[in-house]
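Understanding the architecture of this molecule
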Amino acid sequence: MEQTAKNWWQSGVVYQIYPRSFADSNGDGVGDLPGITEKLGYVASLGVDAVWLSPVFPSPMSDFGYDVADYTDIHPMFGTMADFDTLVEKAHSLGLKILLDYVPNHTSDEHEWFVESRSSRENPKRDWYIWRDAKPDGSPPNNWESYFGGPAWEWDEATAQYYLHLFDRKQPDLNWRNPAVREAMYDAMRFWFDRGVDGLRIDVLWLLVKDEHFRDNPVNEEWKDGDFLPSRQSRVYSEDRPETMEIVREMRSVAEEYEESRVLVGEIYLPLDRLVAYYGGENLDGVQLPFNFGLVLLENWDATSVRKLVDEYEAALPGDGGADGGAWPNWVLGNHDMPRIASRVGEEKERLAGMLLLTLRGTPTCYYGDEIGMKNVEIPPELAHDPQGKVHTSYGRDPFRTPMQWNAGKNAGFSDSEPWLPVADDFGEVNVEAQSGDPDSMLALYKKLLGLRRESSALGLGTYSPLDDAPDGCFAYIREDGEEKFLAFLNFSEAEIEAPLPDGDWVVEVSTRPGREGKVGGSIEMRSYEGVVIGAR
Ligand code: GLC
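Conventions we followed
- Residues numbered from 1 in each chain as written.
- Predicted model: local features only at pLDDT ≥ 70, side-chain atom pairs only at ≥ 80, totals over all residues.
- Heavy atoms only, no water.
- Buried < 20%, exposed > 50% of the residue type's maximum accessible area, 1.4 Å probe, protein only.
- Helix = DSSP H or I, 4+ residues; strand = E, 2+ residues; numbered from the N terminus.
- Pairing = 2+ DSSP bridges.
- Right-handed = clockwise from strand over helix to strand, strands pointing away.
- Near = heavy atom within 4 Å.
- Polar contact = N/O pair within 3.5 Å; in protein donor to acceptor, adjacent residues only side chain to side chain.
- Areas by Shrake-Rupley, 256 points an atom, 1.4 Å probe, with all protein chains shown as cover.
- Core = buried A, V, L, I, M, F, W, Y, C linked by side-chain atoms within 4.5 Å.
- Axes fitted to C-alpha atoms, helices over the stretch in contact; angles between N-to-C directions.
- Expected span 1.5 Å × (residues − 1).
- Bend = angle between axes of the 7 residues up to and from the residue.
- Contact = heavy atoms within 4.5 Å.
- Phe/Tyr/Trp six-rings, centres within 6.5 Å; stacked < 30°, edge-to-face > 60°.
- Lys NZ or Arg CZ within 6 Å of the ring centre and 35° of its normal.

Before going further, it helps to examine the pairing of strand β7 (residues 199-202). On any regular strand, side chains alternate: one points to one face of the sheet, the next to the other face. Taking every second residue as pointing to the same face, both faces of β7 are buried, with G199 and R201 on one and L200 and I202 on the other. As judged from the four bridges shared by strand β3 (residues 97-102) and β7, these two strands associate in the parallel manner. Across the sheet, the residue bridging to D101 is R201, located in β7. When β7 meets strand β8 (residues 263-266), the two strands line up parallel, connected through four bridges. Pairing of L200 across the sheet is with L264, part of β8. Regarding topology, helix α6 (residues 244-256) serves as the crossover connection from β7 to the parallel β8, and that connection is right-handed.

What follows is the structure, given as structure tokens:
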């Protein structure tokens, strides 16, 4: 019997928008909500089901919105609450769900809670954040380091204590051991759910609780020069503490207070066995989708490595894994923190990567601009904004947050005035308008794949079975549901390969390369770096 998704987010596809860089409606060089609303028709036309907006809340923008100064309002730079309501209404009328970014680990130091907390040791909100005495020699309470460089502790002269910030000093960590913090933060979730928001992407979910004894983190013996600096320490006492799951479950209960339960997508960078723990064990009462960053972090894009990654992930999922029970998988190629997929895998393989994302079993999330092949943009130091890049120069995130390339006009159609980050040089060819008229473009490929996925329960919800006899250099798998069956055949090598096909009448539905259609049988001649989806329907 064919499966029907119990939840929209199982067969659905999510599209991430970085609001500062999507569309600027008021000519200040920064994207905004009315800009996004205008472009929702484009987003819907791609064939995705939901939009996740990176933060749009009031913020001094020290970490570009991931430093929230008010969880229940909109930053005037992005628009008004009325603009937000209009966006949600339009999205819903187009059949798109809306997911917001929820940043629970830390607030801005300009949030009124922190302003109160730092005002005196006796303030009732003192314990809403993590304050500790200095060591006898005046140094910080322990050796924890900030992700953005330097100690994770900032001295507060007025009240003579240190406060903890795992990111910028302007992002103090909330004290999730305090029940009042939990209640206030759960109310913030309800605020948006009550306004019609369909789900939340939860920022750095695995960092919420810290060791109650504040023990020093040990040195990471595997770290070597040139590796990501924050990994010098093995962050066992500042992250992924056992008490975190209790909070994850409470968040899930808030999502379940609603008739159509809201979806929670957790940002979690942890090894596989720890990542899948955030589903909540046997009861699956954690987040519905703990982000699987396997493909974002994958270094070798060859058939063997990709298959290994997919199979290990599939095997690690708790429960029976079907559409109707068990943990539901998810995949993503990039986001606002990681180099763009087109730059990581190069031109030969960027289409294969897109085909993989949209044909694997599990909810895909697409990062804006990847559907037209946008690349990292080199940002000269004087134009750099990202706090992480200012400390770890090779890890600046501005290059993958540049303006969306809409057309070949001024500023790629993003804004009438100078954009906050430069537009890529390639915008003359790499833009939505140019690719819309080209049946062989990256955009056309994304649309075909998304269209096929939408109309097919095999691709949306079906089983995944890798083909063991795929030739070297190829990764192939069958997605099947009831009568419907698709075979994704991906040649990650330069070689042309004659590949045997399983018995059946197969028809090529989509190829990453032009000039391939019609029936195939017996075997298929795979061109270099070609991917095809062939169907037996
Ligand atoms: C998450 C966000 C990142 C931000 C950090 C601190 O990793 O994705 O952009 O800098 O959290 O909030």
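This paragraph deals with the site of the ligand. Around the ligand there are 14 residues in total, and D63, D203, E267, H336 and D337 lie nearest to it. Measuring from an oxygen atom of the ligand, one finds a side-chain N or O atom of R201 at 3.0 Å. In this structure, an oxygen atom belonging to the ligand sits 2.8 Å away from a side-chain N or O atom of E267. Calculation on the ligand without its partners gives an accessible area of 300 Å², and the protein chains cover 96% of this total.

With that settled, consider the nonpolar core. Residues Y15, Y42, W176, M251, W301, M404 and F475 are the most contacted members of the largest nonpolar core, which totals 155 residues. Counting residues in each nonpolar core, the second largest holds 18 residues, with A476, F489, I524 and I534 among its members.

This part takes up the sheet that holds strand β16 (residues 506-511). Taken in spatial order, the six strands of this open sheet run β12-β13-β14-β19-β16-β17, and their pairing is antiparallel. The sheet is open, and its two borders are formed by β12 (463-466) and β17 (518-520), each paired with just one other strand. Going across the sheet, the axis of each strand differs from the next one's by a mean of 30°, ignoring polarity. Relative to strand β13 (residues 474-481), β12 runs antiparallel, the two being bridged by four bridges. When the sheet's bridge partners are listed, T463 is paired in β13 with E480.

Here the focus is helix α2 (residues 33-46). Across its 14 residues, α2 extends 19 Å between first and last C-alpha, which sits within 8% of the 20 Å expected from 1.5 Å per residue. The sharpest bend along α2 measures roughly 45° and falls at K39. Considering only its buried residues, α2 is in contact with β1 (14-17), β2 (50-53), α3 (81-93), α12 (432-436) and α13 (442-455). Its side-chain oxygen at 2.9 Å from the backbone nitrogen of G35, D32 defines the N-terminal cap of α2. Remark: G47 follows α2 within two positions and exhibits a positive phi of approximately 100°.

Before going further, it helps to examine the side chain of N178. By the element assignment, N178 lies in the loop between β6 (161-164) and α5 (179-194). Sequence-distant contacts of N178, defined by excluding residues within four places in its chain, comprise D127 and W128.

Moving on, we come to α13. Spanning 14 residues, α13 covers 20 Å between terminal C-alpha atoms, matching the ideal 20 Å at 1.5 Å per step. Three or more residues of α13 are buried, namely M442, L443, A444, L445, Y446, L449, L450, L452 and R453.

Attention now moves to the packing of aromatic side chains. Within this structure, the stated rule accounts for 32 aromatic pairs. A ring pair is formed by W113 and W128, whose centres lie 5.0 Å apart and whose planes are at 65°; its orientation type is edge-to-face. Residue W113 is found in helix α4 (residues 112-117), and its partner W128 is found in the loop between α4 and β4 (131-132); the two are separated by 15 residues along the sequence. Taking the centre distance of 5.6 Å and the plane angle of 50° together, the rings of Y464 and Y477 count as tilted. Taken together, the residues Y464 in strand β12 and Y477 in strand β13 connect sequence positions 13 residues apart. On the basis of relative accessible area, Y477 is assigned to the buried category, the value being 0%. Aromatic ring contacts, followed pair by pair, group Y15, F22, Y42, Y367, Y368 and W406 into a single cluster. The ring of W128 carries K125 above its face, with NZ or CZ at 4.8 Å from the centroid.

As a further point, take the sheet that holds β4. One open sheet holds the three strands; their spatial order is β4-β6-β5, and the pairing between them is antiparallel. A strand with exactly one partner marks an edge of an open sheet, and here the two such strands are β4 and β5 (153-156). Here β5 runs beside β6; their pairing, made up of four bridges, is antiparallel. Bridge assignment links W153 to a residue of β6, and that residue is L164.

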